[in-house]
Each structure stands twice: as structure tokens, then as C-alpha cells.
Amino acid sequence: MTVFRARVRALTIMSHTVECEAAVKEMEILAESRISAAFPDSAEEPVKRRSWFAALSFTLVPLAVLTAVPAAAAASSTSGGTAVHQSDNRLSRPHPELNGKRIKAVNGAAVYLVLDGKRRWIPNPATYNNLFRSWDGIQSVIDIGNIEDGGQLSDGAILGKSPNAPEVYLISNGVKRWITSPAAMDKYFFAWNKIASVPSGALGNIPTGAPIS
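Residues numbered from 1 in each chain as written. Predicted model: local features only at pLDDT ≥ 70, side-chain atom pairs only at ≥ 80, totals over all residues. Heavy atoms only, no water.

1. Focus: the sheet that holds strand E6 (residues 158-161)
Ordered in space as E8-E7-E6-E9, the four strands form an open sheet in which the pairing is mixed. A strand with exactly one partner marks an edge of an open sheet, and here the two such strands are strand E8 (175-179) and strand E9 (196-197). By the bridge criterion, three bridges tie E6 to strand E7 (residues 168-172) in an arrangement that is antiparallel. The partner of Gly160 across the bridge, within E7, is Tyr169. (Pairing = 2+ DSSP bridges. Helix = DSSP H or I, 4+ residues; strand = E, 2+ residues; numbered from the N terminus.)

The following block contains the structure:
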């Protein structure tokens, strides 16, 4: 009886092993089909078979790359909606490499412009529409608290110029800031067709701030 039970147990283990191997085989075939679909141009260099663990890694790495924002590239923006990971604001600092970006927290509602390396809240849609070409291109970011808060742009901030001069300014927070070139206009996504004509005398009375480039 003992020998019989041992044989039954051995047969059961072998059965489970065959089933597991079949499952792994199925996962490998599925992984290969996904890899082939993702890289159709690599048919000349067939992709080696991967275990299903490798297939999972292959799938998740691109997602991690898309959702994880490096500390040096953290930023924020205005239309959004879920829980956001906020870093300790004591770690925040300016990020001038992000200048010109329009950002929002992954699940936040506030949209910001990165200016002088700091995130500046755009207080309402009307102000946003005064400045930018469209709502396209706003980037959702993680760890928005890593970017120093620079306060908000003025409610009603505009782009303005004198009728008699070519210089275009961002007029906000009580100062006018010269936008130094068409390239700077593009970098900040400022709208050429939203530039308001401001009387020369009135424009001259507005204090001048640092240029935007």
C-alpha cells in the first residue's frame, strides 16, 4: 500500500509539473507575440525567447519610464485629477531646465508655468487663454513639490506691446518682462495672436522686470 501511495504521489507531481510547463510555454508564446508586435521592424533579428518574468519586466519598464519623473525634471500643471505624490517642500528648489513648461500634478487641477525655474500658478482659464496658444501640451508630473513655488501669475496677466515698437512683454505681477525672441515665444508657448496693444505711455509706466529668454 505504501508503494502504491508513493507512485500515486509521484504521478500527481508529474502531472502538476506538466501543467506548469505548459502554462510557462503559453506565457512565453504570448510574450514573443507582444514583442514582435511592438518591434515589427526587427524581424531580421528575431527576438530571443524570454521567460514570462522577463516579459513582465519588458512590459512594465516603459510604463515606469513614462510615469516616473526624475527629481531634476519634476514639475506641475492645471487640469487633472487623482491623488498625487507630493515631496517634502523643504527639498524644493528652482529648476531652470524646465523653463517654459506648462505643468500640473498627476491628479491635480492647478496648471502652472515654469518661469525662472519656479512653478507659477495660472489662476484661472481666462488668464491662461490670455497667454497661451492652446491647452495642448500640458504635462502631468510626479513630485511637483520638488519645484520651488514661485507664487501665481496675476489674474488677468497679458502679453502686451507698444503700437510703435516690436518688443513683446509678459505683463504680470506689476512688472513687464521683455520676451527676447521668437524662439522664447515658442519655448513658453505664448500666443502671437493674443498680444494686446498697450499705449506707449502706459507701457512705459510699468516697471521693467528680468527678460524672458
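2. As for the packing of aromatic side chains
Under the defined criterion, the tally for this structure stands at four aromatic pairs. With centroids separated by 5.5 Å and ring planes inclined at 10 degrees, the aromatic side chains of Tyr188 and Phe190 adopt a geometry described as stacked. The pair Tyr188 / Phe190 is uniform in exposure class, with both members buried. Ring pairing ties together the aromatic residues Tyr128, Phe132, Trp135, Tyr188 and Phe190, which thus form one cluster. Over the aromatic face of Phe132 sits the side chain of Arg102, whose NZ or CZ is 5.9 Å from the ring centroid. One cation-aromatic arrangement involves Arg119 over Tyr112; the distance from NZ or CZ to the ring centre is 5.4 Å. (Phe/Tyr/Trp six-rings, centres within 6.5 Å; stacked < 30°, edge-to-face > 60°. Buried < 20%, exposed > 50% of the residue type's maximum accessible area, 1.4 Å probe, protein only. Lys NZ or Arg CZ within 6 Å of the ring centre and 35° of its normal.)

3. Things to note about the side chain of Lys176
Inspection of the secondary structure puts Lys176 in strand E8. The side chain of Lys176 sits in the buried core without any salt bridge; Glu167 is the nearest counter-charge, 10 Å away. A polar side-chain atom of Lys176 sits 3.3 Å from the main-chain carbonyl oxygen of Leu203. Among residues more than four places away in sequence, those in contact with Lys176 are Tyr169, Leu170, Ile171, Leu203, Gly204, Ile206, Pro207, Thr208 and Gly209. (Lys, Arg positive; Asp, Glu negative; His and termini not counted. Salt bridge = Lys/Arg side-chain N within 4 Å of Asp/Glu carboxyl O. Polar contact = N/O pair within 3.5 Å; in protein donor to acceptor, adjacent residues only side chain to side chain. Contact = heavy atoms within 4.5 Å.)

4. A word on the nonpolar core
Within the largest apolar cluster, 19 residues are counted, with the highest numbers of intra-cluster contacts made by Leu113, Ile122, Leu131, Phe132, Leu170, Ile179 and Phe190. Listed by contribution, the elements that provide at least two residues to this core are strand E2 (111-115), helix H3 (125-131), E7 and helix H4 (182-187). With three residues, the top contributor of residues to this core is E2. By size, the runner-up hydrophobic cluster in this structure holds eight residues, among which are Ala105, Val141, Ile144 and Ile147. (Core = buried A, V, L, I, M, F, W, Y, C linked by side-chain atoms within 4.5 Å.)

5. Details of the pairing of E7
The side chains of a regular strand alternate, first on one face of the sheet and then on the other. For E7, the tally of buried residues reaches five of five residues, placing the bulk of the element in the interior. With antiparallel pairing between neighbouring strands as the criterion, E6 and E7 make up a hairpin whose turn holds six residues. As paired elements, E7 and E8 share five bridges and run antiparallel to each other. Looking at the pairing, Tyr169 lines up with Trp178 of E8. As consecutive antiparallel partners, E7 and E8 are separated by two residues, and within that stretch Asn173 has a phi angle of approximately 55 degrees, a positive value.

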